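Descriptive analysis of the structure
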Amino acid sequence: MIKRLLQKQITERLFKGKVIIILGPRQSGKTTLIQSVLHTQSLPSLLLNGDEADVREMLSNTTSTKLKSITGKNKIVFIDEAQRIPNIGITLKLFADNLKDIQVVATGSSAFELANKTNEPLTGRKYEYTLYPISFGEMVEYHGTIDEKRLLEHRLIFGYYPEIVTKLGEEKELLKLLAGSYLYKDLLTLEYVKKPAMLEKILKALALQVGSEISYHEIGQIVNADNETVEKYIDLLEKTFVVFRIPAFSRNVRNEIKKGKKVYFYDNGIRNAIISNYGILNTRSDIGALWENFLMSERMKHLHYNGIDISRYFWRTTMQQEIDYIEEINETLSAFEFKWNAKAKSKFPKTFTNAYPSVVTQLINQENFESFLGIK
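Residues numbered from 1 in each chain as written. Predicted model: local features only at pLDDT ≥ 70, side-chain atom pairs only at ≥ 80, totals over all residues. Heavy atoms only, no water.

**Regarding the overall build of the protein**
Within the protein, the regular secondary structure consists of 19 helices and twelve strands. On C-alpha atoms alone, the protein measures out to a radius of gyration of 22 Å, which is about the 21 Å that the 2.2 N^0.38 rule sets for 376 residues. The principal-axis extents of the C-alpha atoms in the protein amount to approximately 65 × 50 × 45 Å. When burial is assessed residue by residue, the protein has 55% of its 376 residues classed as buried. Contacts in the protein between residues far apart in sequence, at least 24 positions, make up 72% of those at least 6 positions apart. Of the roughly 17,700 Å² of accessible surface on the protein, 48% is carried by carbon and sulfur atoms. When the 51 basic and 45 acidic side-chain charges of the protein are each reduced to a single mean position, those positions are 2 Å apart. (Helix = DSSP H or I, 4+ residues; strand = E, 2+ residues; numbered from the N terminus. Rg over C-alpha atoms; globule rule 2.2 N^0.38 Å. Buried < 20%, exposed > 50% of the residue type's maximum accessible area, 1.4 Å probe, protein only. Contact = heavy atoms within 4.5 Å. Areas by Shrake-Rupley, 256 points an atom, 1.4 Å probe, with all protein chains shown as cover. Lys, Arg positive; Asp, Glu negative; His and termini not counted. Charge placed at Lys NZ, Arg CZ, Asp CG, Glu CD.)

**Description of the pairing of strand β4 (residues 103-108)**
Burial of β4 is extensive: six of the six residues sit out of reach of the surface. Residues Gln103, Val105 and Thr107 of β4 are buried on one face, and the alternating residues Val104, Ala106 and Gly108, pointing to the opposite face, are buried as well. Judged from the four bridges that link them, strand β1 (residues 19-23) and β4 form a sheet pairing that is parallel. Bridging across to β4, Ile22 finds its partner in Thr107. Here four bridges tie strand β3 (residues 76-80) to β4, and the two strands are oriented parallel to one another. Looking at β4, one finds that Ile79 is bridged to Ala106. For the crossover from β3 across helix α5 (residues 88-98) to β4, the handedness is right-handed. (Pairing = 2+ DSSP bridges. Right-handed = clockwise from strand over helix to strand, strands pointing away.)

**Thoughts on unusual backbone geometry**
With a phi angle near 60°, Asn87 is a residue other than glycine that sits in the positive phi range. Tracing the backbone through its elements, the reader meets Asn87 in the loop between β3 and α5.

Below, the structure written as structure tokens:
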């Protein structure tokens, strides 16, 4: 079984007097993770699914007395898809305040909904984590660096969702199902998303522009929508863990892009499924975009799972000088260029290195990317 890096962290937080919230995309393994945690405890536990109507009714508008009756002798209560339950924030607060001997773990696939419902009621009462699709580091831990590197091209095409990793030969069929409305099922239940077809068009436009600075105006022209609508839909896609945004870095250079954005997908396989392209790498024109998306998503997982708080950017000027990726921590800058071809060379623009002389620069390619992803 592939052990998730969050398992140890979550296990150590049990019975510390707080609710544990686990966010993450659908099918990223949240339920399996919690079941693995429960197996280590040897305590009676109750599993409830917010997708079920009777569970929603039971946990909505409840009281601490009712919750005691529901939980009985169980010491751990696991609530899956908690964002589907009305007033879930108040219910979790009742658990935290009045049933202190019971550990509650709640998961949700929509940061937008679950965070909105729990932030205020659970102030000071929760530990919150995000579980992403399986990471390169987790697979290295599972079967070693050599075996995982042999699968690198496969990962760039099909990604790291648990079902994709464990069911070899079924990748295309499973990704088609996952990248359909199921992945953003939560979005389609919101009143904000009135045009699912437009959402799909925006997703396709983003998939075709991975690694490039995006323009809300240009995407709006493609999908026949105004800038505000495009930005709102992208924001919702980010909060349901389909895509994430990186802002432009701007400090000293007069012609630096100040308000630019790049958008990446949390998973390469989802990106490829959206454009229906599963072609092998040597037949593709987008290998650079695939490599960049892979490195950006895997670096994000590494930073998150290791609790590294860092500011992330890209850099570009109006004169088209650019750097793929920049990190800033404690006022120290590191700049990275991504090249799939290990023989390719890259020069960092003097405009940047002159303006930020203390910057540390590094070219990331197939021969050295493991250290970038935290593998020693």
